[in-house]
Amino acid sequence: MNNQRGILAIISGFSGAGKGTVVEEILKTYDKEYCLSISATTRQPRNGEKHGQHYFFLKKEEFEQRIAEDLFLEHARYIEDYYGTPKDFVFDRLEQGISVILEIEMQGALKVKERCPEALLIFVTPPTAEELERRLRGRGTETDEKIASRLARAAEEVSYMDKYDYIVVNETNKVAECAADIHQIINDEKKKAVYCEGLIGELSEGLSVYKKGE
Ligand code: 5GP
(Lines give C-alpha, C1' and ligand atoms only; values in the text may rest on other atoms or scores of the structure.)
Protein backbone atom coordinates (compact mmCIF):
# COMPACT_ATOMS: atom_id res chain seq x y z
CA MET A 1 0.00 0.00 0.00
CA ASN A 2 1.50 3.36 -0.88
CA ASN A 3 -1.31 5.60 0.32
CA GLN A 4 -0.13 5.24 3.91
CA ARG A 5 1.73 7.51 6.28
CA GLY A 6 5.19 6.25 7.14
CA ILE A 7 5.97 4.74 10.53
CA LEU A 8 8.30 6.60 12.86
CA ALA A 9 10.36 3.78 14.35
CA ILE A 10 12.75 4.66 17.14
CA ILE A 11 15.48 2.18 17.88
CA SER A 12 17.38 2.62 21.13
CA GLY A 13 19.59 0.37 23.18
CA PHE A 14 22.53 0.43 25.54
CA SER A 15 25.69 1.76 23.97
CA GLY A 16 27.42 -1.38 22.67
CA ALA A 17 24.19 -3.35 22.23
CA GLY A 18 24.93 -3.60 18.51
CA LYS A 19 21.98 -1.47 17.43
CA GLY A 20 24.06 0.37 14.82
CA THR A 21 24.90 -2.94 13.15
CA VAL A 22 21.28 -4.06 13.36
CA VAL A 23 20.07 -0.80 11.81
CA GLU A 24 22.64 -1.16 9.00
CA GLU A 25 21.35 -4.68 8.37
CA ILE A 26 17.73 -3.45 8.24
CA LEU A 27 18.66 -0.73 5.74
CA LYS A 28 20.68 -3.16 3.62
CA THR A 29 18.06 -5.91 3.57
CA TYR A 30 14.89 -3.83 3.26
CA ASP A 31 16.43 -0.79 1.57
CA LYS A 32 13.32 0.44 -0.29
CA GLU A 33 11.16 0.49 2.82
CA TYR A 34 13.04 2.72 5.23
CA CYS A 35 15.17 5.76 5.49
CA LEU A 36 17.48 6.58 8.36
CA SER A 37 17.48 9.99 9.96
CA ILE A 38 21.02 11.35 10.23
CA SER A 39 21.54 13.09 13.54
CA ALA A 40 23.69 16.05 14.45
CA THR A 41 26.26 15.70 17.24
CA THR A 42 29.02 17.64 18.92
CA ARG A 43 31.15 14.55 19.53
CA GLN A 44 34.35 13.95 17.59
CA PRO A 45 34.09 11.64 14.55
CA ARG A 46 35.43 8.12 15.13
CA ASN A 47 37.81 6.60 12.60
CA GLY A 48 36.01 6.17 9.30
CA GLU A 49 32.95 8.25 10.24
CA LYS A 50 31.91 10.78 7.62
CA HIS A 51 30.11 14.12 7.98
CA GLY A 52 26.62 13.85 6.49
CA GLN A 53 26.72 10.07 6.38
CA HIS A 54 27.09 8.92 9.98
CA TYR A 55 26.35 12.25 11.64
CA PHE A 56 26.45 15.95 10.98
CA PHE A 57 29.42 16.82 13.19
CA LEU A 58 28.89 20.30 14.61
CA LYS A 59 30.67 22.64 16.99
CA LYS A 60 28.87 23.25 20.29
CA GLU A 61 27.92 26.81 19.26
CA GLU A 62 26.51 25.60 15.92
CA PHE A 63 24.45 22.97 17.72
CA GLU A 64 23.10 25.50 20.22
CA GLN A 65 22.20 27.84 17.35
CA ARG A 66 20.10 25.05 15.79
CA ILE A 67 18.38 24.42 19.13
CA ALA A 68 17.52 28.13 19.28
CA GLU A 69 16.11 27.95 15.73
CA ASP A 70 13.92 24.96 16.75
CA LEU A 71 15.40 22.75 14.04
CA PHE A 72 15.40 19.56 16.13
CA LEU A 73 12.55 17.14 16.72
CA GLU A 74 14.43 16.30 19.93
CA HIS A 75 17.89 16.76 21.30
CA ALA A 76 19.66 15.34 24.31
CA ARG A 77 22.99 15.41 26.08
CA TYR A 78 24.61 12.00 26.13
CA ILE A 79 27.59 11.81 28.51
CA GLU A 80 29.26 15.11 27.55
CA ASP A 81 27.99 15.71 24.01
CA TYR A 82 24.84 16.92 22.32
CA TYR A 83 22.89 14.74 19.88
CA GLY A 84 19.80 15.88 17.94
CA THR A 85 17.31 14.72 15.30
CA PRO A 86 16.55 17.08 12.37
CA LYS A 87 12.81 17.81 12.44
CA ASP A 88 11.96 18.71 8.83
CA PHE A 89 13.71 15.70 7.33
CA VAL A 90 11.73 13.30 9.51
CA PHE A 91 8.30 14.89 9.02
CA ASP A 92 8.77 15.29 5.24
CA ARG A 93 9.58 11.59 4.80
CA LEU A 94 6.68 10.42 6.97
CA GLU A 95 4.27 12.54 4.92
CA GLN A 96 5.66 10.98 1.75
CA GLY A 97 4.74 7.56 3.19
CA ILE A 98 8.34 6.56 3.92
CA SER A 99 9.04 4.94 7.28
CA VAL A 100 11.85 6.65 9.14
CA ILE A 101 14.22 4.98 11.59
CA LEU A 102 15.72 7.07 14.37
CA GLU A 103 18.63 5.42 16.15
CA ILE A 104 18.69 7.55 19.28
CA GLU A 105 19.25 7.23 23.01
CA MET A 106 16.52 6.91 25.59
CA GLN A 107 15.93 10.52 26.74
CA GLY A 108 15.47 11.61 23.14
CA ALA A 109 13.25 8.61 22.36
CA LEU A 110 10.93 9.42 25.25
CA LYS A 111 10.78 13.08 24.19
CA VAL A 112 9.77 12.06 20.65
CA LYS A 113 7.10 9.73 22.06
CA GLU A 114 5.62 12.67 24.01
CA ARG A 115 5.60 14.83 20.92
CA CYS A 116 4.50 12.06 18.50
CA PRO A 117 2.56 9.46 20.52
CA GLU A 118 2.21 7.21 17.46
CA ALA A 119 6.02 6.70 17.34
CA LEU A 120 7.01 3.07 17.75
CA LEU A 121 9.67 2.57 20.45
CA ILE A 122 11.91 -0.47 20.06
CA PHE A 123 14.70 -1.26 22.52
CA VAL A 124 17.58 -3.51 21.41
CA THR A 125 19.54 -5.28 24.13
CA PRO A 126 22.23 -7.93 24.37
CA PRO A 127 21.12 -11.04 26.27
CA THR A 128 23.21 -10.28 29.41
CA ALA A 129 25.13 -7.50 31.18
CA GLU A 130 28.42 -9.41 30.71
CA GLU A 131 27.82 -9.62 26.99
CA LEU A 132 27.22 -5.85 26.89
CA GLU A 133 30.60 -5.18 28.51
CA ARG A 134 32.29 -7.67 26.18
CA ARG A 135 30.82 -5.96 23.11
CA LEU A 136 31.77 -2.48 24.33
CA ARG A 137 35.37 -3.55 24.96
CA GLY A 138 35.53 -5.52 21.71
CA ARG A 139 34.63 -2.41 19.70
CA GLY A 140 38.04 -0.99 20.65
CA THR A 141 36.98 2.60 19.90
CA GLU A 142 36.68 4.00 23.44
CA THR A 143 39.00 4.51 26.40
CA ASP A 144 38.42 2.55 29.64
CA GLU A 145 36.99 5.69 31.16
CA LYS A 146 34.47 6.14 28.33
CA ILE A 147 33.50 2.46 28.55
CA ALA A 148 32.87 2.85 32.28
CA SER A 149 30.66 5.92 31.60
CA ARG A 150 28.69 4.02 29.00
CA LEU A 151 28.15 1.05 31.34
CA ALA A 152 27.09 3.39 34.15
CA ARG A 153 24.65 5.00 31.77
CA ALA A 154 23.27 1.55 30.82
CA ALA A 155 22.77 0.79 34.53
CA GLU A 156 20.51 3.88 34.71
CA GLU A 157 18.72 3.22 31.42
CA VAL A 158 17.66 -0.29 32.38
CA SER A 159 14.93 1.06 34.66
CA TYR A 160 13.24 2.87 31.74
CA MET A 161 13.18 -0.09 29.37
CA ASP A 162 9.54 -0.78 30.24
CA LYS A 163 8.55 2.53 28.63
CA TYR A 164 9.33 1.01 25.23
CA ASP A 165 6.71 -0.72 23.08
CA TYR A 166 9.01 -3.66 22.21
CA ILE A 167 12.22 -5.18 23.57
CA VAL A 168 14.27 -7.13 21.03
CA VAL A 169 17.23 -9.26 22.13
CA ASN A 170 20.22 -9.01 19.81
CA GLU A 171 21.72 -12.45 20.39
CA THR A 172 25.43 -12.86 19.65
CA ASN A 173 26.06 -13.41 15.91
CA LYS A 174 22.37 -13.21 15.09
CA VAL A 175 22.21 -9.76 13.51
CA ALA A 176 20.04 -10.84 10.57
CA GLU A 177 17.46 -12.41 12.92
CA CYS A 178 17.35 -9.28 15.06
CA ALA A 179 16.88 -7.10 11.94
CA ALA A 180 14.10 -9.40 10.70
CA ASP A 181 12.35 -9.21 14.10
CA ILE A 182 12.35 -5.42 13.98
CA HIS A 183 11.18 -5.35 10.36
CA GLN A 184 8.30 -7.64 11.34
CA ILE A 185 7.31 -5.38 14.26
CA ILE A 186 7.25 -2.32 11.97
CA ASN A 187 5.25 -4.19 9.33
CA ASP A 188 2.69 -5.28 11.90
CA GLU A 189 2.39 -1.67 13.04
CA LYS A 190 1.53 -0.63 9.46
CA LYS A 191 -1.51 -2.89 9.63
CA LYS A 192 -3.02 -0.96 12.51
CA ALA A 193 -6.26 0.67 11.41
CA VAL A 194 -4.95 4.12 12.28
CA TYR A 195 -2.36 3.81 9.47
CA CYS A 196 -4.88 2.51 6.94
CA GLU A 197 -6.96 5.67 6.46
CA GLY A 198 -6.09 5.72 2.73
CA LEU A 199 -7.25 2.15 2.15
CA ILE A 200 -10.39 2.67 4.27
CA GLY A 201 -11.20 5.81 2.25
CA GLU A 202 -10.78 4.01 -1.08
CA LEU A 203 -12.95 1.10 0.05
CA SER A 204 -15.56 3.46 1.36
CA GLU A 205 -15.71 5.24 -1.99
CA GLY A 206 -15.75 1.97 -3.95
CA LEU A 207 -18.51 0.53 -1.81
CA SER A 208 -20.66 3.65 -1.75
CA VAL A 209 -22.38 2.55 -4.99
CA TYR A 210 -23.81 -0.45 -3.17
CA LYS A 211 -25.46 1.60 -0.45
CA LYS A 212 -29.17 0.95 -0.16
CA GLY A 213 -31.94 3.50 -0.37
CA GLU A 214 -30.10 6.53 -1.74
P1 5GP B 1 27.50 7.32 19.65
O2 5GP B 1 28.39 8.37 20.27
O3 5GP B 1 27.88 5.95 20.15
O4 5GP B 1 27.43 7.42 18.14
O5 5GP B 1 26.02 7.60 20.17
C6 5GP B 1 25.77 7.70 21.54
C7 5GP B 1 24.28 7.58 21.77
O8 5GP B 1 23.60 8.70 21.20
C9 5GP B 1 23.68 6.33 21.12
O10 5GP B 1 22.80 5.72 22.06
C11 5GP B 1 22.93 6.89 19.94
O12 5GP B 1 21.80 6.08 19.60
C13 5GP B 1 22.47 8.22 20.50
N14 5GP B 1 22.09 9.18 19.47
C15 5GP B 1 22.54 9.30 18.20
N16 5GP B 1 21.91 10.29 17.56
C17 5GP B 1 21.01 10.82 18.43
C18 5GP B 1 20.03 11.89 18.36
O19 5GP B 1 19.82 12.54 17.34
N20 5GP B 1 19.32 12.14 19.48
C21 5GP B 1 19.48 11.43 20.62
N22 5GP B 1 18.71 11.73 21.65
N23 5GP B 1 20.38 10.42 20.73
C24 5GP B 1 21.14 10.12 19.65
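Residues numbered from 1 in each chain as written. Predicted model: local features only at pLDDT ≥ 70, side-chain atom pairs only at ≥ 80, totals over all residues. Heavy atoms only, no water.

Novice: Explanation requested: the environment of Val23 in the structure shown.
Specialist: Locating Val23 in the fold gives a position in helix H1 (residues 19-29). Under the relative-accessibility criterion, Val23 is labelled buried at 2%. Separated by 79 residues in sequence, Val23 and Leu102 place their C-alpha atoms 9.3 Å apart. Filtering out sequence-adjacent residues up to four positions away, Val23 remains in contact with Ile11, Leu36, Ile101 and Glu103. (Helix = DSSP H or I, 4+ residues; strand = E, 2+ residues; numbered from the N terminus. Buried < 20%, exposed > 50% of the residue type's maximum accessible area, 1.4 Å probe, protein only. Contact = heavy atoms within 4.5 Å.)

Novice: Which parts of the structure should I look at to understand the pairing of strand E8 (residues 120-125)?
Specialist: Regular strands have side chains that alternate between both faces of the sheet. Most of E8 sits inside the fold, with six of its six residues counted as buried. Burial along E8 is two-sided: the face carrying Leu120, Ile122 and Val124 and the face carrying Leu121, Phe123 and Thr125 are both buried. Pairing of strand E1 (residues 8-13) with E8, which is carried by five bridges, proceeds in the parallel orientation. Within the sheet, the bridge partner assigned to Ser12 lies in E8 and is Phe123. Relative to strand E9 (residues 166-169), E8 runs parallel, the two being bridged by four bridges. Along E9, the bridge assignment pairs Val124 with Val168. (Pairing = 2+ DSSP bridges.)

Novice: Looking at this structure, how should I read the site of the ligand?
Specialist: Not every one of the 16 residues close to the ligand is listed here, only the nearest: Ser39, Arg43, Tyr55, Tyr83 and Glu105. With respect to the ligand, the side chain of Tyr83 contributes an N or O atom lying 2.5 Å from an oxygen atom. If the ligand stood free it would expose 510 Å²; the protein chains cover 95% of that surface. Those elements giving two or more residues to the shell around the ligand turn out to be strand E5 (72-78) and strand E6 (81-86). (Near = heavy atom within 4 Å. Polar contact = N/O pair within 3.5 Å; in protein donor to acceptor, adjacent residues only side chain to side chain. Areas by Shrake-Rupley, 256 points an atom, 1.4 Å probe, with all protein chains shown as cover.)

Novice: Honestly, the environment of Ala180 in this entry has me stumped. Any pointers?
Specialist: As for its placement among the helices and strands, Ala180 is situated in helix H7 (residues 175-190). For Ala180, a relative accessible area of 33% gives the class partly exposed.

Novice: Got a minute to help me understand the state of the cysteines in this structure?
Specialist: Following the criterion strictly, the structure yields zero disulfides and no others. Not part of a disulfide, Cys116 finds its nearest cysteine sulfur in Cys35, a span of 14 Å. Take Cys116: its relative accessible area is 5%, and that puts it in the buried class. (Disulfide = S-S within 2.5 Å.)

Novice: Is there a simple way to think about the pattern of salt bridges in this case?
Specialist: Between side chains of opposite charge, a pair can form when the charged atoms approach closely. A full pass over the atoms with the stated rule returns 18 salt bridges. Arg153 is the salt-bridge partner of Glu105, the closest N and O atoms lying 2.6 Å from each other. Remark: Arg153 occurs in helix H6 (residues 144-157) and Glu105 occurs in the loop between strand E7 (99-103) and helix H4 (106-115); sequence separation between them is 48 residues. Looking at Arg153, the relative accessible area reads 13%, which means it is buried. Among the salt bridges present, the one from Glu131 reaches Arg134, with a minimum N-O distance of 2.9 Å. Taken together, the positions of Glu131 and Arg134, both in helix H5 (residues 129-139) and three residues apart, correspond to about one turn of that helix. Exposure remark for Arg134: the relative accessible area of 48% places this residue in the partly exposed category. Through salt bridges with shared partners, a single network forms among Arg43, Arg46, Glu49, Arg139, Glu142 and Arg150. (Salt bridge = Lys/Arg side-chain N within 4 Å of Asp/Glu carboxyl O.)

Novice: So what exactly am I meant to see when it comes to the packing of aromatic side chains here?
Specialist: Aromatic ring pairs are defined here through the distance separating the ring centres and the angle between the ring planes. Considering all chains together, one arrives at seven aromatic pairs under this definition. Judged by centre distance (4.8 Å) and plane angle (5 degrees), the ring pair of Phe63 and Tyr82 falls under stacked. In this pair, Phe63 is assigned in helix H2 (residues 60-68) and Tyr82 in strand E6, connecting sequence segments 19 residues apart. Assigned by exposure class, Phe63 and Tyr82 land together as buried. Measuring from ring centre to ring centre gives 5.2 Å for Phe123 and Tyr164, while their planes differ by 75 degrees; the resulting arrangement is edge-to-face. Of the two residues, Phe123 sits in strand E8 while Tyr164 sits in the loop between H6 and E9, which places them 41 residues apart along the sequence. Each member of the pair, Phe123 as well as Tyr164, is classed as buried. Taken together, the aromatic side chains of Tyr55, Phe57, Tyr78 and Tyr83 make up a single cluster linked through ring pairs. (Phe/Tyr/Trp six-rings, centres within 6.5 Å; stacked < 30°, edge-to-face > 60°.)

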